Amino acid sequence: MLKKVIQGLVVGLVLYFWGAYLYRNWSSLAGYRWEVDYPFLFLGYLFSSLAPLGLGLTWQRLIARMGWRLGLGMALRIWFSSMFTRYVPGKVWHVVGRVYLSRQEGVAGTDAFLSMALEQALALLATTIVFLFSLLFWVEGRSMAESWPLILLIPLLLALVHPRLFAPLLNFGLRLLRRSEVELTLQYGELLPFLIYYLVSPSTRRSNTFRSSRPSAPLAVGSLPMVVGAASL
């Protein structure tokens, strides 16, 4: 009974803050001149649905690499349930929720937290790489040579995934957050594929920003890399 009450309260809070956001911004939305391109709107909806599914699958594979086997349905339920609470102010409830739900399925709380720390860190590296790569296409008003110093940071970011560098940086961040340090047992060859997964994910999700924008603000196809890079930043 208590579990159902808590679930109801969480859903209620999320809906409340969604409603409050729409209420605060309603005048801007109501005053906008909408010209809807329904095929692109449908594509935007489709990719908005598929992108989170890919992230949930990636988390399932990540936690499996750490030695915990969760069924596909259960892993996706945990991932989506925890991410739903991100819309409640505080920015920590999805972490608390996923650790709690994972523990209910027998996963050690420390490993559940580590999986989320890895997920966030790898996603941050991936979106940064996507943004830096997009600089190749931001050539209007300046020369291509201005982008190269920043683009050369990409190999450095790839090197940061190596456990000898990644683990100390991760634990440094945890100390700043006053969290206990963790022991990273995954090897470089195991972490690198997950970085690639997270590279594909932001590219897919940010390209959806382009698709979703076109119904109301038509954009040239050539601006796609810039939209993806800006949204990643």
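Reading the values: the criteria
- The written sequence of each chain sets the order in which its residues are numbered from 1.
- The predicted origin of the model limits local features to residues at a pLDDT of at least 70 and limits the giving and counting of side-chain atom pairs to 80 or more, whereas totals for whole chains, interfaces and linings rest on all residues.
- Here the side-chain values reflect all heavy atoms present in the structure, with hydrogen atoms and water set aside.
- The secondary structure listing takes helices from DSSP runs of H or I that are at least 4 residues long and strands from runs of E that are at least 2 residues long, numbered from the N terminus.
- Per-residue accessibility, obtained with a 1.4 Å probe over protein chains only, is compared with the maximum for each type, and a residue is labelled buried under 20%, exposed over 50%, and partly exposed between these values.
- We call two residues contacting when some pair of their heavy atoms lies within 4.5 Å.
- Multiplying one less than the number of residues by 1.5 Å gives the expected span of a helix.
- By arc we mean the arc of the directions from the helix axis to the C-beta atoms, nothing more.
- We call a set of buried Ala, Val, Leu, Ile, Met, Phe, Trp, Tyr and Cys residues a nonpolar core when their side-chain atoms join them within 4.5 Å.
- Between the rings of Phe, Tyr and Trp (Trp by its six-membered ring), a pair exists once the centres lie within 6.5 Å; its type follows the angle of the planes, with under 30 degrees stacked, over 60 edge-to-face, and the other angles tilted.
- Whether a charge sits over a ring comes down to the Lys NZ or Arg CZ being within 6 Å of the ring centre and within 35 degrees of the ring normal.
- Salt bridges are identified by distance alone: a Lys or Arg side-chain nitrogen within 4 Å of an Asp or Glu carboxyl oxygen.
- Each patch is built from residues that are more than 30% exposed by relative accessible area and take part in no salt bridge. Like charges join if they lie within 9 Å; nonpolar side chains (Val, Leu, Ile, Met, Phe, Trp, Tyr) join within 5 Å.
- Each accessible area is a Shrake-Rupley estimate made with a 1.4 Å probe; only the visible protein chains count as cover when residues are assessed.

A.B. asks: Before we go on, may I ask you to explain the overall build of the protein chain in this structure?
C.D. replies: For the protein chain, the count of helices and strands is 10 helices and 0 strands. In the protein chain, the succession of α and β elements from N to C terminus is α-α-α-α-α-α-α-α-α-α. Within the protein chain, the proportion of its 233 residues that are buried is 34%. Intrachain contacts of the protein chain at a sequence separation of at least 6 include 64% that bridge at least 24 residues.

A.B. asks: Please clarify how helix α3 (residues 72–84) should be interpreted in this entry.
C.D. replies: Structural remark: α-helix, 3.6 residues per turn; residues separated by three or four positions point the same way. With 13 residues, α3 should reach 18 Å at 1.5 Å per residue; the first-to-last C-alpha distance of 18 Å fits that figure. Those residues of α3 not exposed but buried are Ala75, Leu76, Ile78, Trp79, Ser82 and Met83. Along the long axis of α3, the arc covered by the buried residues comes to 160°, so they all point the same way. Summarising the contacts, the buried residues of α3 are in contact with α2 (38–65), α4 (93–104) and α5 (109–134).

A.B. asks: How should the nonpolar core be read in this particular structure?
C.D. replies: As a rule of thumb, nonpolar side chains are buried together in soluble globular proteins. By size, the foremost hydrophobic cluster in this structure holds 43 residues, and its most contacted members are Leu118, Phe166 and Leu170. Listed by contribution, the elements that provide at least two residues to this core are α2, α3, α4, α5, α7 (153–160), α8 (163–176) and α9 (188–213). Here this core takes 12 residues from α5, the largest share from any one element. Non-local contacts of Leu170, meaning those with residues more than four positions away in its chain, are made with Leu114, Ala117, Leu118 and Val182.

A.B. asks: Please explain the packing of aromatic side chains as it appears in this structure.
C.D. replies: Centre distance and the angle of the planes are the two values used to describe a pair of aromatic rings. Counting across every chain of the model gives 2 aromatic pairs. Between Trp79 and Phe80 the ring centres are 5.1 Å apart and the planes differ by 85°, which places this aromatic pair in the edge-to-face class. A cation over an aromatic ring shows up here: Arg98 above the ring of Trp59, its NZ or CZ 5.1 Å from the ring centre.

A.B. asks: Quick question: what am I supposed to make of the pattern of salt bridges here?
C.D. replies: Across all of its chains, the model carries 2 salt bridges by this definition. The residue Glu190 makes a salt bridge to Arg65 at a minimum N-O spacing of 3.5 Å. Here the residue Glu190 occupies a position in helix α9, and Arg65 occupies one in helix α2, the gap between them amounting to 125 residues. A salt bridge links Glu119 to Arg98, with the nearest nitrogen and oxygen atoms 3.1 Å apart. Residue Glu119 is located in helix α5, and its partner Arg98 is located in helix α4; the two are separated by 21 residues in the primary sequence. Across the pair, exposure class does not vary: Glu119 and Arg98 are buried alike.

A.B. asks: In this structure, what is going on with a nonpolar patch on the surface? I would like to understand it.
C.D. replies: A contiguous nonpolar surface patch, about 650 Å² in accessible area, is contributed by Phe42, Leu43, Leu46, Leu50, Leu53, Leu57, Leu72 and Phe80. Of all elements in the fold, only α2 and α3 reach the threshold of two or more residues within the nonpolar patch. For the nonpolar patch, the element with the most residues is α2, which contributes 6 residues. When you line up the elements, Leu53 lands in helix α2. The class of Leu53 is partly exposed, set by a relative accessible area of 32%.

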